[in-house]
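# Overview (structure and organization)
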Amino acid sequence: MPIALLLVLTKSPLVGSPTPGSPRAMHKQPMFPSAVGEEKGPLFVRHLESKSIRDGSKLILECEVTGNPQPETIWIHNEKEIVETQFLRIEESNGRHTLIINEVYPEDAGSYICEAFNVIGESASSSSVHVQAAEPSGLPEFMSFPRSATVEEGAPVTFSCELRTENCTVTWLKDGRALKDTDRYRISYSQNSSRFEILKVTAGDEGHFICLATGAKGETKASFSLGVKSKDKKL
């Protein structure tokens, strides 16, 4: 029997709300180490990558961020701050950040974000995890995901996706709003794939995006982010 894609956007038992004293609750306070040399805001030099993974498999999400002073980081799953358990580990080494879930379940599906911040500013990298179930769900299935990126202000950038499921509608969104063709944006479709292009990136383009695939039996989301090396930022 073919394996289908199952995307569950429910609360995961591995996450919880931010608590007093956590990095997320305190990052606006002067808790950072002193910078040695020129201060620079967080910059993701390696972003999270979206994944489709079998139920019960081991999940590893990795990213790398630079900054001076060294940025603090937190992980977010479906808008809830992640806390470590005996089944979930968060590791950090020289700017490399890793989240490991020993055995994934359907409730572990959804969006994952690594947020980084220091006294200069903050940045984030986002991705999606889709958990494959043994029984077909009929939901749209991504063959390739949009990849998060960091680009120079004024440069072009392209995001693309490819679907295994036929006859789907693809919508690109930012901040919950559907994007359309403009003098800077270009959206194109070809059979089971779609491309979203920003011809000239501005600082306002920075943030989180969603590629939404809608089919006859429901919808599937793929999250990604864009970081902008702005002339007004110390990067």
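All figures in this text were calculated on a predicted structure; none of them were measured in a lab.

## Regarding the overall build of the protein chain
Helices and strands together make up the secondary structure of the protein chain, namely 1 helix and 20 strands. A burial count over the protein chain gives 43% of its 235 residues as buried. Contacts in the protein chain between residues at least 24 apart in sequence constitute 69% of all its contacts with a sequence separation of at least 6. Surface summary for the protein chain: the accessible area is close to 12,200 Å², and the carbon and sulfur share equals 47%.

## Considerations on the pattern of salt bridges
Evaluated as defined, the whole model comprises 8 salt bridges. Glu 64 is the partner of Arg 96 in a salt bridge, and the nearest nitrogen-oxygen pair spans 3.8 Å. Note that Arg 96 is positioned in strand β9 (residues 96-101) and Glu 64 in strand β5 (residues 59-68), a separation of 32 residues in sequence. Residue class for Glu 64 comes out partly exposed when judged on its relative accessible area of 23%. Of the charged contacts in the structure, one is a salt bridge between Glu 197 and Arg 195, with a shortest N-O distance of 3.7 Å.

## A short note on the packing of aromatic side chains
Inspection of every chain in the model, using the stated rule, returns 9 aromatic pairs. Arranged with centres 5.7 Å apart and planes meeting at 35 degrees, the rings of Trp 172 and Phe 196 form a pair that is tilted. Remark: Phe 196 occurs in strand β18 (residues 193-198) and Trp 172 occurs in strand β15 (residues 169-174); sequence separation between them is 24 residues. Given a relative accessible area of 0%, Phe 196 falls into the buried group. Seen in terms of ring centroids, Phe 196 and Phe 209 are 5.9 Å apart; in terms of plane orientation they differ by 45 degrees. Their pairing is tilted. Here Phe 196, found in strand β18, pairs with Phe 209, found in strand β19 (residues 207-215); they are 13 residues apart in sequence, far enough to count as distant.

## With respect to the environment of Glu 64
Remark: the alpha-carbon pair of Glu 64 and Leu 48, spanning 16 residues in sequence, is separated by 8.5 Å. Beyond its immediate sequence surroundings of up to four residues, Glu 64 is in contact with Leu 43, Phe 44, Val 45, Arg 46, Gly 95 and Arg 96.

## Quick notes on the confidence of the model for the protein chain
Fine structural detail should not be taken from predicted coordinates in areas where pLDDT scores are low. Per-residue confidence for the protein chain gives a mean pLDDT of 86; residues scoring 70 or more make up 83%. Per-residue pLDDT, averaged within each element of the protein chain, yields its smallest value for strand β1 (residues 4-6) (36) and its largest for β9 (98).

## Brief notes about the sheet that holds β18
The strand order across the open sheet built from 4 strands is β12-β14-β18-β17, with neighbouring strands paired in antiparallel fashion. A strand with exactly one partner marks an edge of an open sheet, and here the two such strands are β12 (142-144) and β17 (185-190). On average, each strand axis in the sheet is tilted by 25 degrees relative to the strand beside it, whichever way the strands run. Sheet analysis places strand β14 (residues 157-163) next to β18, joined by 6 bridges and oriented antiparallel. Within the sheet, the bridge partner assigned to Thr 158 lies in β18 and is Glu 197.

So, how was this worked out
- Within each chain, residues carry numbers counting from 1 in the order of the written sequence.
- pLDDT decides what is reported in this predicted model: residues at 70 or higher carry local features, side-chain atom pairs at 80 or more are listed and counted, and totals for whole chains, interfaces and linings draw on all residues regardless.
- Excluding hydrogens and water, the side-chain figures rest on all heavy atoms present in the structure.
- In this text, helices come from DSSP runs of H or I with a minimum length of four residues, and strands from runs of E with a minimum of two, each type numbered from the N-terminal end.
- The cut-offs for exposure are 20% and 50% of the maximum accessible area for each residue type, with area from a 1.4 Å probe on protein chains only; residues under the lower value are buried, those over the upper are exposed, and the others partly exposed.
- Whether two residues are in contact is decided by their heavy atoms: any pair within 4.5 Å suffices.
- Note on areas: Shrake-Rupley, 1.4 Å probe, and residue coverage restricted to the protein chains presented here.
- Each reported salt bridge corresponds to a side-chain nitrogen of Lys or Arg within 4 Å of a carboxyl oxygen of Asp or Glu.
- When the centres of two rings from Phe, Tyr and Trp lie within 6.5 Å, Trp using its six-membered ring, the rings pair. Their planes under 30 degrees apart give stacked, over 60 give edge-to-face, and anything left gives tilted.
- What pLDDT conveys is the predictor's confidence in a given residue, as a value from 0 to 100.
- A pair of strands is considered paired only if DSSP assigns at least 2 bridges between the two.
- For every element, the axis is a line fit to its C-alpha atoms; helices are fit only across the contacting stretch, and the angle between N-to-C directions ranges from 0 to 180 degrees.

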